[in-house]
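Structure assessment
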Amino acid sequence: MADSEAPLVEFDGLAVSYGLVQALGGVTGAFFPGPTGLLGPNGAGKTTLLKTLLGFLQPDRGGMTAFGKDPTREPLEVRRRLGYMPEQDCHIPGMTAAAFVAFAGELSGLPRDEAISRAHEVLYYVGLGEARYRNVETYSTGMKQRVKLAQALVHDPELLLLDEPTNGLDPQGREEMLALIRDVATRRGMSLILCSHLLHDVERVCDQVIVLNQGQIARQGEVRELTGARHQVFDVRFKGDATAVLTDLKDMGADWREGDDGVRLFLPEGQGPETVFRVAQQCGVQVRHLRPGAETLEDVFLRALGHEIQD
Amino acid sequence: MPIYEQGYRRYQARAPLRQARFWPITREALRLVLSKRAFLGLLAGSFLPFVVRVVQIYVVTRFPEAGRLLPIDGRLFGEFLNQQVGFTILLAIFGASGLVANDLRTGAILAYLSRPLTRRDYVIGKLLVPLFLTLAVTLVPGLLLYASGLALAPELYLKWELAWIAPAIIAHSLAISLVVSLLTLAISSLSRSARVAGLGLFGLIVGLEMVRLVLQQGFRQKPAMLLSVQTNLRALGAALFGLADREVVMAWGWAALVLTLLSLACLAILRSRVRAVEIVT
C-alpha cells in the first residue's frame, strides 16, 4: 500500500443491510491506487461493498467516498469513473459484441463515434477481435467473460470493479483472464478491485488485499506483508500419531492445519525447526519430513476467518 | 505476442454528461425491434385501416350519395383511432414486452445501471420505445388521414368548426399510446421472460375485456365498463370525437380517472422492479 498516495475509495463505519439481514457491519478501510483484492467466502459482504460503491445500496450508517464524492449523493459522477464487470451474465439479446460494447461506451458518456472506435479497440485487446461481429448469445462462457471485461473497460475508467472475473473459466481461460487483468493494472496503470473467493487469482494480480468475513474486515494490507515471514511456516510429516506433538506445540503458541501432504505448522517468532524436533522427540514421534514454507494467502485467509486451528 | 499486447490506449477526455442520457437506450432498442422482418410486416399491416379510410374519403368525394352509408365527419377519426388500439396492443406485445424482462433475464440491467444513468433515465429510455411504436400507428396515420381529408375533401374539412379534429387526434393518440406503453413496460418488468410478459399483457387486456362483457351485457353492471382498458380508451375517444358508443355507459371522467390510476400503478411497479439489486429479505 502506498501510504503517500491518496485512497481512491474510503469507507468509515460502513453498515449496509438488506432488510433485517446485515451484510456489512460497520467496516472501515480504503482502496488505494493499484490492484486490490477483495477476498471472502460467499456472504462475506464483498459484492455488497461493490454495490454500495456503485450507489446501488444506501448505507444504514457510516459513509463512503469514491474520488472524494459520496456515491449515494453523486452516483452519476462516481459511476462514470468506474468500470463494473458483474459476476453474473450481462449482455443484451440480439446484439453483437461490437454493438454491445459501443453501446456501453455511449451509456458511459462517450460520443457515439468515439464509443464505436474504442469498442473495436477494447475487443481486440481482450482477444475478441475476430469474433466481435458475432451475437454475444452465441459466445462461450470464456468469451462472455471477456465481453464483460471489454464493456467495463470501454470508457477507460479510473477504477475497475471486477466481481469474480474468472467464474466458469477453464484453467487456460482463467490464466488468460488473469494475465489480461494483470496487464490492465500494471502496464496500463489502471486501479482495480478484484473481488474473488479464489485466493490464487488475488495472489496473481493484486498488491493489496482486504479479507472480509461475515460483514467485517478480517485482515487488510499488502499481499506481500500478509504472506511474508510473519510466522515461521513448515510443512511437516510425522510418523505415527502426532496428536501429542501438535497439542504440545499449540501450548507453545504454534498453530497448525492439515496440508496437502502432512501438516502445515505456523511457529511463533523465535522458534524454529529445532523446537519441532525437540517436541517430537519428547513425544516419541518421528519427523519424516520438514520443509520451510511461506505463509500463503490461503493461510492468511483461513487464519483471518478463524480456521487456522484443526477444527 | 499475446493478443492483448496489440494495444489499449487510455482515454482521458471526459465530456460533460449529456442531458438526454436515455436516448441511446431508445435508439438501440428501436433498432433491434425494427431489424425483425415479421415485426416490420405487422407495422406495415397496421396501416391497412388507414388505407381503407383514405379510400373511404376518396369514394365519398367522388360519389356523394355514398356519404349516407359512410359518413366522413369528425367521427371517422375517432372510429379509426379506436380500431388502432388493437394494433397498438399487438405492436406492444411483439415489440416491447421483452424490453425490461430480457434485461432482467440476461443481467443487462446491471450494464445499464452501473453507468452514469439514473433509474429514471432507464425507464424513460425504455418507455419511449413502445411510445414511438404506438404513436407510429395512431398519431402518424391519424394526422395523415386528416391531411388526406383536407386534400381530398376540402369542402368537408376546411372549416373552422372542425378545427378541433387535429388536437383531438393528438390527445387521443397520446392517451392510447401512453397507457399501452406504461402497461407493457410494467408487465415486462414483472417477468424475466418476454413471452410470459407478452402473454400477460394479452391476457390482462383481453381477459378484462371479457369480464367486462359478461358483467355489462349479462348482469347489466354499468361500472364493469371501468374494468376494461380498451373500453376506457374508447370512452375517451367517444368524448373527444362525439361518438355514440353503446359500450360506453359511464361518463368519460370515470374512464380518465381509471386510466390515470392505472398509469400511476404502472409507474409504481416500475419503480419497485427496476433496480440493480434485487433485495430478498
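Overview of the structure. (Residues numbered from 1 in each chain as written. Chains lettered and ligands numbered in written order. Predicted model: local features only at pLDDT ≥ 70, side-chain atom pairs only at ≥ 80, totals over all residues. Heavy atoms only, no water.)

A few points about the packing of aromatic side chains
Given two aromatic rings, their pairing is described by the distance between the two centres and the angle made by the two planes. All names here are of chain A. Stated precisely, the cut-off is as follows: Ring geometry is summarised as follows: Phe, Tyr and Trp rings, the Trp one being its six-membered ring, pair when their centres sit within 6.5 Å, and such pairs are stacked at plane angles under 30 degrees, edge-to-face over 60 and tilted between the two. Helix numbers and strand numbers start at the N terminus; a helix is a DSSP run of H or I with at least 4 residues, a strand a run of E with at least 2. Only protein chains enter the accessibility calculation, which uses a 1.4 Å probe; a residue whose area is less than 20% of its type maximum is buried, one above 50% is exposed, and one in between is partly exposed.
Per the counting criterion, the structure on display carries seven aromatic pairs over all chains. Here the aromatic rings of phenylalanine 11 and phenylalanine 31 are separated by 5.7 Å at their centres, their planes lie at 45°, and the arrangement is tilted. Here phenylalanine 11, found in strand E1 (residues 9-18), pairs with phenylalanine 31, found in strand E2 (residues 21-31); they are 20 residues apart in sequence, far enough to count as distant. Each member of the pair, phenylalanine 11 as well as phenylalanine 31, is classed as buried.

Details of unusual backbone geometry
Residue and element names in this part refer to chain A. In this model, aspartate 156 sits at a positive phi of 55°, which is unusual for a non-glycine residue. Structurally, aspartate 156 can be placed in the loop between helix H5 (141-153) and strand E6 (159-163). A residue is classified by how much of its surface remains accessible, and aspartate 156, at 2% relative accessible area, is buried. Within the chain, glutamine 214 stands out as a residue other than glycine whose phi angle is a positive 50°.

Topic: the sheet that holds strand E8 (residues 208-213) of chain A
Neighbouring strands of a sheet are bound in pairs by backbone hydrogen bonds; such pairs are parallel or else antiparallel. Residue and element names in this part refer to chain A. What counts is decided by this rule: When DSSP finds two or more bridges between two strands, those strands count as paired. What counts as an axis is a line fitted to C-alpha atoms, over the stretch in contact for a helix, and the angles between N-to-C directions run from 0 to 180 degrees. It only takes one pair of heavy atoms within 4.5 Å for two residues to be counted as in contact.
Strand order in the open sheet formed by six strands is E5-E6-E7-E3-E8-E9, with mixed pairing between adjacent strands. The outermost strands of the open sheet, each flanked by one partner alone, are strand E5 (82-85) and strand E9 (216-222). Along the sheet, successive strands turn relative to each other by an average axial angle of 15°, direction set aside. Summarising the sheet, E5 and E6 pair through four bridges and their orientation is parallel. Along E6, the bridge assignment pairs methionine 85 with leucine 162. Docked against the sheet, helix H1 (residues 46-53) engages strand E3 (35-39), E5, E6, strand E7 (191-196) and E8, running at close to 145° with respect to E7.

Considerations on the interface of chain A and chain B
Which entries qualify depends on this criterion: Joining two parts hides part of their accessible area as seen by a 1.4 Å probe, and the buried area is that hidden amount summed over both. By definition here, a salt bridge exists when the distance from a side-chain nitrogen of Lys or Arg to a carboxyl oxygen of Asp or Glu is within 4 Å.
Contacts between chain A and chain B engage 54 residues on the former and 40 residues on the latter. Interface area for chain A against chain B, summed over the two sides, is near 4300 Å², with a carbon-plus-sulfur share of 57%. On the chain A side of the contact with chain B, Leu76, Arg80 and Leu107 of chain A bury the most area, a combined 16% of that side's loss. Connecting chain A to chain B are two salt bridges.

That's the geometry; what it means functionally is another story.
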